[in-house]
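Survey of secondary and tertiary structure
Letter by letter, the chains look like this.
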2 protein chains.
Amino acid sequence: MSEKRPTIVTVAEAAGVAASTISRALKGDKRISPETRARIARVAQELGYTPYASARALSSGRSGLVGIVIGPATNPFYAELLYEAVRQIGERGLRLLVIHAGPGPLENSMADALLQYQVDGCLISSVDLPSHVGAVCAANGVPVVMVNRVAQADTCAVVCDNAFGSVQLGDLLLRSGRRRIALVRTSAASSTARERDAGFTNFMQSAGHPPSLRLDGRSTYEGGFEAGRHIAALPAPERPDSVYAVSDIMAWGVLDALRLAGVAVGRDIAVVGFDGLPQSARPVYDLTTVEQPVVAMIGRGLDLLQARMRDKGLPDETISLRGRLIERGSSGSRA
Amino acid sequence: MSEKRPTIVTVAEAAGVAASTISRALKGDKRISPETRARIARVAQELGYTPYASARALSSGRSGLVGIVIGPATNPFYAELLYEAVRQIGERGLRLLVIHAGPGPLENSMADALLQYQVDGCLISSVDLPSHVGAVCAANGVPVVMVNRVAQADTCAVVCDNAFGSVQLGDLLLRSGRRRIALVRTSAASSTARERDAGFTNFMQSAGHPPSLRLDGRSTYEGGFEAGRHIAALPAPERPDSVYAVSDIMAWGVLDALRLAGVAVGRDIAVVGFDGLPQSARPVYDLTTVEQPVVAMIGRGLDLLQARMRDKGLPDETISLRGRLIERGSSGSRA
DNA sequence: GGGAGTTGAGCAAACGTTTGCGCAAATGCG
DNA sequence: CGCATTTGCGCAAACGTTTGCTCAACTCCC
């Protein structure tokens, strides 16, 4: 309360060296002798010194902050992504600044945040980057990595191989004898949903069994639920024997609707999703799905980001990771 | 890319005034004439000027950052809280720095983050504030508001009235004729869970119908599920006719387990929860619960925080908000 | 018309760190 | 032993804003 928080010069005086030496010693500069470095570390520790990030940012231009943009709370996938990002960013000695979370587009005020706080890099999921925000980042040398979204001009990206995952699911359905296939997709302009939709449709088409029914699940549980009700209400001969919902939350909606209507999931009808959220393992869902490698996606995303923090000149790069097929009861292949 | 980002002096030169005038004009200082202010605003706009937060923080000691600590991803309530916090903090012209998200205690490195980034205030949910972190905040004049957790030494708090909500639920159960009551609680050291547990138990005891069964749901869906299975497995005469799970996620587990076991929820057994998460409205759950006023909680929390950013001397304060009882089918009172 | 008060804006010193450069002392080599 | 090199550290100038003073120019009132 009373005593001022120590600064680098407080430490310098206590250790009997110059402030610049403190600065260098604390970040492991080779030019400082091991003894001096050890002494400085000890003094700093005793004084409870911790640097002012604002001063560092002002002086060096690096803030130690990573910005993040995530989609709406209605899809737990984004929460999953955020939590993992917090963890890994912390491990790398950086901090997470939330630029935007929720539905709605990226506004100008968010580009401001990137500049004002001199964010070192930015992880964006959830939206297709509006061009002006992208331009702002590019103009100011803020590296951007799209996560689970395709790369745009001047950005890197880390994606899950949506087409491959969809093929895995389609193949599984075909192998277990399913032929009348419904697709619960979404009209939302998300590249992820489009890729899953297209990847699946193409595969099924070339296999001779194109989806016979396409419903819009609006990327929500409720949308999936309505789709499920619609499917359940179809007379038996017309009803599909399998459903691919392009995200787990929609698949949950489908499952709940089917079960509520008394349709035996896994036997009468197979349901598969995509995302691999932990909730999908619950006995009530027991959902066959493709797991997005969230840990690896964030990890590689931060790799890309950090590489570009050090060297702004690096060319854009897109990393595609394959998800893992998790086969559970909802696809009925266990029986 | 090529041109340097404008600073306050760039704007000052362009507008033909001193840098200090720019600074004052932009934050609405009365001493600057309306004409000058308008001109400065226009010039700043044209140049695309936006201040460097680090310089402001360094000079003024205020960073414009609010830190947040939230609990594990397994409970969507925290995600709900986070999203609302992002929204409201943005509206107030501040930004959100995530200090910690997830299970696990608050480590020293998190106290460092508070200091390094000169966080203006901190919202903490999820954990009981470890004393050393609290001491660090107090010593450095960082106001802290606990959200959905009781106040500790040197902190403010915003809580939902857990006891009152529990009484509302208990009363509802009694009024609909339930007498054999099970409580799915948690042994976790969360003040929230304790208050709900105690509030409910006291009320039921004084009403002459103390909970006949107490199970530990470990604050998770899985824990609730196990509790539900246990209940469903009881022979009919011993089986309770109602269950209060002290959080919605546990209630979901209970519901799913009961339904999977063929127990008719709402008729054979009533289930009520606490939190009022949006998912509880889904037809499969249709859960009677008490809604935590998340919007108001964050709002009042930020009010407390901002008041203390302006005047560090303000005494601690605890605000208790009553939740809204949402009666749905799971409590069977509709029938 | 002269003094007191008000209004509007500038000066310059912080704020704490980083970093290019400089300069001794220690070391290497011939 | 003398000279060139390396090693280890200090100096001081940034970085961009804020803010306590200072100060000139008006306005007002008697």
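This is a predicted model, so every value here is computed, not measured.

Each helix and strand in chain A was counted, giving 12 helices and 12 strands. Relative to the compact-globule value of 20 Å for 335 residues, chain A shows a C-alpha radius of gyration of 25 Å, a clear excess of over 25%. Overall size of chain A, expressed as C-alpha extent along the three principal axes, is 85 × 40 × 35 Å. For chain A, the residues scored as buried account for 55% of the 335 residues in total.

Before going further, it helps to spend a moment on the interface of chain A and chain B. Counting residues at the interface gives 50 residues for chain A and 50 residues for chain B. Regarding the contact of chain A and chain B, the summed buried area is about 4300 Å², with carbon and sulfur atoms giving 61% of it. Taken together, chain A and chain B are joined by 0 salt bridges. Between chain A and chain B we count 18 residue pairs in polar contact (both at pLDDT 80 or more) in total. Elements with a minimum of two residues in the side of chain A that touches chain B: α4 (53-60), β1 (65-70), α5 (76-91), β2 (95-101), α6 (108-116), α7 (131-139), α10 (221-233) and α11 (248-260) of chain A. Of the residues in the side of chain A that touches chain B, the class split is 33 nonpolar, 10 polar and 7 charged. Pairing of β2 of chain A with strand β2 (residues 95-101) of chain B, which is carried by 3 bridges, proceeds in the antiparallel orientation. For V98 of chain A, the partnering residue across the bridge sits in β2 of chain B and is L96 of chain B.

Take the pattern of salt bridges next. Note that side chains of opposite charge can pair when their charged atoms are close. Residue and element names in this part refer to chain A. Per the counting criterion, the structure on display carries 32 salt bridges over all chains. In this structure, the salt-bridge partner of R92 is D303, at a minimum N-O distance of 2.9 Å. With a gap of 211 residues between them, R92 in the loop between α5 and β2 and D303 in helix α12 (residues 294-310) connect regions that are remote in the sequence. Across the salt bridge formed by R259 and D256, the nearest N and O atoms sit 2.7 Å from each other. Taken together, the residues span about one helical turn, with R259 and D256 both in helix α11 at a distance of 3 residues. Residue class for D256 comes out buried when judged on its relative accessible area of 2%.

Moving on to the relation of the copies chain A and chain B. Both copies of the chain are related through a single rotation about an axis accompanied by a shift along the same axis. When chain A is fitted onto chain B, the two copies agree to an RMSD of 0.0 Å after a turn of 180° and an axial shift of 0.0 Å. On the angle and the small slide along the axis, the relation comes out as a two-fold axis. A share of 100% of interface residues in chain A that are also interface residues in chain B marks the association as one of identical surfaces.

A few words on the sheet that holds strand β9 (residues 270-272) of chain A. All names here are of chain A. Judged by pairing direction, the sheet is parallel, and its 4 strands sit side by side in the order β7-β6-β8-β9 without closing on themselves. Where the open sheet ends on each side, the last strands, each with one partner, are β7 (213-216) and β9. Averaged over all pairs of adjacent strands, the angle between their axes in this sheet comes to 15°, without regard to strand direction. The pairing of strand β8 (residues 242-245) with β9 spans 3 bridges and is parallel. If you follow S242 over to β9, its bridge partner there is A270. Strands in contact with helix α9 (residues 191-206) are β6 (181-185), β7 and β8; relative to β6, the strand with the most contacts, it is inclined by about 165°. Contacts between α11 and the sheet are confined to β6, β8 and β9, with β9 contributing the most and set at about 160° to the helix.

A word on the sheet that holds strand β4 (residues 144-147) of chain A. Consider a sheet: its strands pair through backbone hydrogen bonds, and that pairing is either parallel or antiparallel. Pairing in this open sheet of 12 strands is mixed, and the strands run β11(A)-β5(A)-β4(A)-β3(A)-β1(A)-β2(A)-β2(B)-β1(B)-β3(B)-β4(B)-β5(B)-β11(B) from one edge to the other. Pairing within the sheet leaves two strands with one partner each, and these edge strands are β11 (318-321) of chain A together with β11 (318-321) of chain B. When strand polarity is set aside, the average angle formed by the axes of neighbouring strands in this sheet is 20°.

A few words on the UniProt feature "domain: HTH lacI-type" (unreviewed entry) in chain A. In this structure's numbering, the residues bearing the UniProt feature "domain: HTH lacI-type" (unreviewed entry) are residues 6-60 of chain A. This span, residues 6-60 of chain A, is 69% helix and 0% strand, and a straight line between its end C-alpha atoms measures 20 Å.

Analysis parameters
- Residues numbered from 1 in each chain as written.
- Chains lettered and ligands numbered in written order.
- Predicted model: local features only at pLDDT ≥ 70, side-chain atom pairs only at ≥ 80, totals over all residues.
- Heavy atoms only, no water.
- Helix = DSSP H or I, 4+ residues; strand = E, 2+ residues; numbered from the N terminus.
- Rg over C-alpha atoms; globule rule 2.2 N^0.38 Å.
- Buried < 20%, exposed > 50% of the residue type's maximum accessible area, 1.4 Å probe, protein only.
- Contact = heavy atoms within 4.5 Å.
- Buried area = accessible area lost by both parts, 1.4 Å probe.
- Salt bridge = Lys/Arg side-chain N within 4 Å of Asp/Glu carboxyl O.
- Polar contact = N/O pair within 3.5 Å; in protein donor to acceptor, adjacent residues only side chain to side chain.
- Nonpolar A, V, L, I, M, F, W, Y, C, P; charged D, E, K, R; others polar.
- Pairing = 2+ DSSP bridges.
- Least-squares fit on C-alpha atoms with pLDDT ≥ 70 in both.
- Axes fitted to C-alpha atoms, helices over the stretch in contact; angles between N-to-C directions.
- UniProt positions renumbered as here; feature names shortened; annotations may be inferred.

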